[in-house]
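# Descriptive analysis of the structure
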Amino acid sequence: MGMVMQLKNGGFSLFNVTFAAHPPLPKKKFYLLAQATGPSRTQRIMESIPVSGEVGGAGGAYSYNALKRLDSLWSNICSTSPVVQDSQQVVSSVPGLFRESEKCADTFDVLVCGGTLGIFIATALSSRGLRVGIVEKSTLRGREQEWNISRKELLELAEVGVLTEDDIDNVTSSSFNPNRCGFEGKGEIWVNDILNLGISPAKLIETVRKRFDGLGGVIFEGCSVSNISIYEDAAVLQLADGKILSSRLIIDAMGNFSPIVKQIRRGRRPDGVCLVVGSCCRGFKENTTSDVIYSSASVKSVGQSVAQYFWEAFPAGSGPLDRTTYMFTYLSPEPGSPLLEELLEDFWDLMPQYQSVSLADLEILRVIYGIFPTYRDSPLPASFDRVLQFGDASGIQSPVSFGGFGSLTRHLGRLSSGILEAINNDFLDSHSLSLLNPYMPNLSASWLFQRAMSAKKQSNISPSFINELLHANFESMQKLGDPVLRPFLQDVIQFGPLVKTLGLVMLSRPLILPSIFKQVGLPVLLDWSGHFVMLGNYTILSSYIDPLIRPLLKRFPAKMRYEWKQKLEAWKYGSGLDYELNHSAKTNQD
């Protein structure tokens, strides 16, 4: 429900790839191109947009062929057996010490595999004095579109030394207020300073890269990971070109499509997926506000399946008439699930109605699409010594967010401090590293929201139920004020606000409860109840036990101090108590 807000902070996709087309094209009446036979309207639109060089990382491919490749991958996921399978073995353990250091091209404290997300943790660790290298299979640069984000997330990057406040101003291309949460046919809520900044990923990555280079970091571009051998004293990485690098720790930032993650999960099908399509178009005359979320009135048939559509839109910094629009939906991957191209066909029909414009009056600058999978057993604990998952690869993002950038900035300080301590004390075994990706009940509790927002093909509840449920929740949160609403909008679940919201919804809309049971199912509710109880426990532990233990940490032996520090951080972040209302929010509440 409210967790849907961190959606696009960064737009990192399934397996760390969203796709976009970026150069402008002449205005065309694309609505006339839809035909019953021949190329789809989506194909005609995308093939009319000039394509420049494609880059790696999130959003690296732009063409219609890339869309078809992703749809083919998505179809394979949907047809995959839910049981585990044998996968390619990328990481292997080797007994003894590494005795062939003379064969190494270079040696590091930390090697980060995957540069688009990895550049942030790499720069944070470099700023703390570690020697860090990045391995990126393509060119390390951001895509030519925009992310919408809150200033809070950018300030978190500044706090860990990745950006300066001047850098924040340089990468910010637009600012917009107020921001709407709307529910078709039900009502709307307006907020300020939530996902209200447009930033350029290209400028952001370029700025952080300069900072990383200045700190002595090394980047290996155009290099793919072949295999990783774990020795007692080193992790040795062999690249596809045969080059060998050694490191004390390898950070896997290659997203959900990471070959290491695939090996760990053994090819298991995701538990849930968010499909996203959208565009950036020129021609919006009224373009000063944004939609954080807007839900369609009812479930819609799509191909052989059904979908509940949600929307987000915000002004783009490339021009006063330019606007980015996303349409997304949640579902469980199964045979017959809608393809991205099918969603795009709906998008061209529905977007003009949603934005109150004519498609014929718009110049289509970019087409955007992506797949974001989630797993219930997230975050992913370390399965090997000296290898740690980070960002989307770790599954630290909310199951109802599409894009892991907000969760990345939120946890970056905690992770960089913990990794530094682990390296300095050689706590690099899988158990010690798993403490950096601990169980977090507020993340696990979010699964109820993802399931509640997923349409079912065969359902005996009203097609308008999801829209009604969202409106009821947001209406209750608005009545309860900023301390309840704002954390929810910024991807943070807290026990107190959650109890208040659920209580008010049950009191004000008691007749909605039977439909909730039908929508999510008893097994999901029972599982969620366990995480809800743990959320309350973590809140108590962080509020009352943490202040008693934290002053004593300096007296503990090094290993005990490290383990307790990570436990305290797990309580804090797992209860959402790391979140603080900013000054403007407190002022608004007053």
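Just so we're clear, the structure is a prediction, and the values are computed from it rather than from any experiment. Position labels on residues start from 1 in each chain and follow its written sequence. Totals for whole chains, interfaces and linings use every residue, but because this is a predicted model, local features are given only for residues with pLDDT of at least 70 and side-chain atom pairs only at 80 or more, for both listing and counting. No hydrogens and no water enter the side-chain calculation; it runs on all heavy atoms of the structure.

All right, on to the overall build of the protein then. Counting secondary structure elements, the protein contains 19 helices and 21 strands. Each residue is assigned to one of three classes by its accessible area relative to the maximum for its type, calculated with a 1.4 Å probe on protein chains only: buried under 20%, partly exposed between the two thresholds, exposed over 50%. Evaluated residue by residue, the protein yields a buried proportion of 61% over its 590 residues. Considering only residue pairs separated by 6 or more positions, the protein has 79% of its internal contacts joining residues 24 or more positions apart. For every accessible area listed, the method is Shrake-Rupley and the probe measures 1.4 Å; residues are considered covered only by the protein chains on display. If you sum the accessible surface of the protein, you get close to 22100 Å²; carbon and sulfur atoms cover 52% of it. Helix and strand definitions follow DSSP, with helices as H or I runs of at least four residues and strands as E runs of at least two, each counted in order from the N terminus. Residue contacts are counted whenever heavy atoms from the two residues lie within 4.5 Å of one another.

There is a patch of nonpolar side chains on the surface, built from Ile-540, Tyr-544, Ile-545 and Leu-548 and spanning about 430 Å² of accessible area. Assignment of secondary structure puts Leu-548 in helix H17 (residues 522-549). On the basis of relative accessibility, which here comes to 59%, the residue Leu-548 falls in the exposed class. Nonpolar side chains (Val, Leu, Ile, Met, Phe, Trp, Tyr) within 5 Å and like charges within 9 Å form the patches, drawn only from residues with over 30% relative accessible area and no salt bridge. Each reported salt bridge corresponds to a side-chain nitrogen of Lys or Arg within 4 Å of a carboxyl oxygen of Asp or Glu.

Attention shifts here to empty space enclosed by the protein. A cavity here means a set of 1 Å grid points, computed over protein atoms only, where a 1.4 Å probe fits but cannot escape. A pocket is an open set with protein on both sides within 12 Å along at least 5 of 7 lines, and lining residues have an atom within 4 Å of a point. Grid points are joined across faces, edges and corners, and a volume is the space filled by probe spheres set on the points. Here the structure, examined in full by the defined rule, presents four cavities of 30 Å³ or more. In this model, the largest cavity occupies a volume close to 160 Å³. Along the walls of the largest cavity sit 21 residues, with Ile-396, Ser-407, Arg-410, His-411 and Asp-491 positioned nearest its centre. For the lining of the largest cavity, the secondary structure elements donating two or more residues are helix H4 (151-159), helix H9 (405-424) and helix H11 (441-445). When residues of the lining of the largest cavity are assigned to their parent elements, the largest contribution, five residues, is made by H9. Gly falls in the polar group here, along with every residue not listed as nonpolar (Ala, Val, Leu, Ile, Met, Phe, Trp, Tyr, Cys, Pro) or charged (Asp, Glu, Lys, Arg). Its residues placed into classes, the lining of the largest cavity shows six nonpolar, 10 polar and five charged. In this structure, the second largest cavity spans a volume of roughly 100 Å³. Along the walls of the second largest cavity sit 14 residues, with Thr-374, Tyr-375, Ser-378, Gly-395 and Gln-397 positioned nearest its centre. Secondary structure elements with two or more residues in the lining of the second largest cavity: strand S20 (363-374) and H11. Taken together, the residues of the lining of the second largest cavity break down into five nonpolar, six polar and three charged.

This part is about the packing of aromatic side chains. Note on ring pairs: Phe, Tyr and Trp rings are taken, using the six-membered ring of Trp, and paired if centres are within 6.5 Å. Classes follow the plane angle, with under 30 degrees stacked, over 60 edge-to-face and the rest tilted. Using the criterion set out here, one finds 20 aromatic pairs in the structure. When the centroid spacing of 5.4 Å and the interplanar angle of 40° are considered together, the rings of Tyr-294 and Tyr-354 count as tilted. Of this pair, Tyr-294 sits in strand S15 (residues 290-295) while Tyr-354 sits in helix H8 (residues 340-355), and the two are 60 residues apart along the sequence. Considered together, Tyr-294 and Tyr-354 belong to a single accessibility category, that of buried residues.

This brings us to the sheet that holds strand S5 (residues 147-149). For two strands to pair, DSSP has to find at least two bridges joining them. If you walk across this open sheet you meet the three strands as S5-S9-S6, and the pairing is antiparallel. Edge positions in the sheet fall to S5 and strand S6 (172-175), since each has one partner strand and no second. Averaged over neighbouring strand pairs, the angle between their axes works out to 30° when direction is ignored. Pairing geometry for S6 and strand S9 (residues 197-199), over three bridges, is antiparallel. When the bridges of S9 are listed, Thr-172 appears paired with Ile-199. To define axes, lines are fitted to C-alpha atoms, for helices over the stretch in contact only, and angles between the resulting N-to-C directions are given on a 0 to 180 degree scale.

Attention now moves to the confidence of the model for the protein. Mean pLDDT over the protein: 88, with 89% of residues reaching 70 or higher. pLDDT gives the predictor's per-residue confidence on a scale running from 0 to 100. Low pLDDT (under 50) marks residues 1-36, which in the prediction has 174 contacts with non-local residues, meaning those over four places away or in another chain. For residues 583-590, every residue scores under 50 in pLDDT, and the model assigns this stretch eight contacts once sequence neighbours within four places are set aside.

Below, the discussion takes up the packing of helix H13 (residues 465-480) against helix H15 (residues 495-508). Where H13 meets H15, the closest approach of the two axes is 9 Å, and the angle between their N-to-C directions is 115°. The two elements H13 and H15 meet at a crossing, and its hand is right-handed. Here Ala-472, Asn-473, Ser-476, Met-477, Lys-479 and Leu-480 of H13 lie close against H15, whose contacting residues are Lys-500, Thr-501, Leu-504, Val-505 and Ser-508. Here the contact of H13 with H15 is built from residues that sort into five nonpolar, four polar and two charged. Throughout, a crossing is termed right-handed when the near helix is turned clockwise from the far one, and left-handed when it is turned anticlockwise from it by less than a right angle.

Quick look at unusual backbone geometry now. Cis geometry is adopted by the peptide bond preceding Pro-178, which originates at Asn-177 and carries an omega value of -5°. Here Pro-178 is to be found in the loop between S6 and strand S7 (179-183). Cis peptide bonds are those with omega within 30 degrees of zero, and the linkage from Ser-378 to Pro-379 qualifies with 0°. Of note, Asp-193 is a non-glycine position whose phi angle comes to about 65°, a positive value. Position of Asp-193 relative to the elements: it lies in the loop between strand S8 (187-191) and S9. Look at Ser-356: it is not a glycine, yet its phi comes out positive at around 60°.

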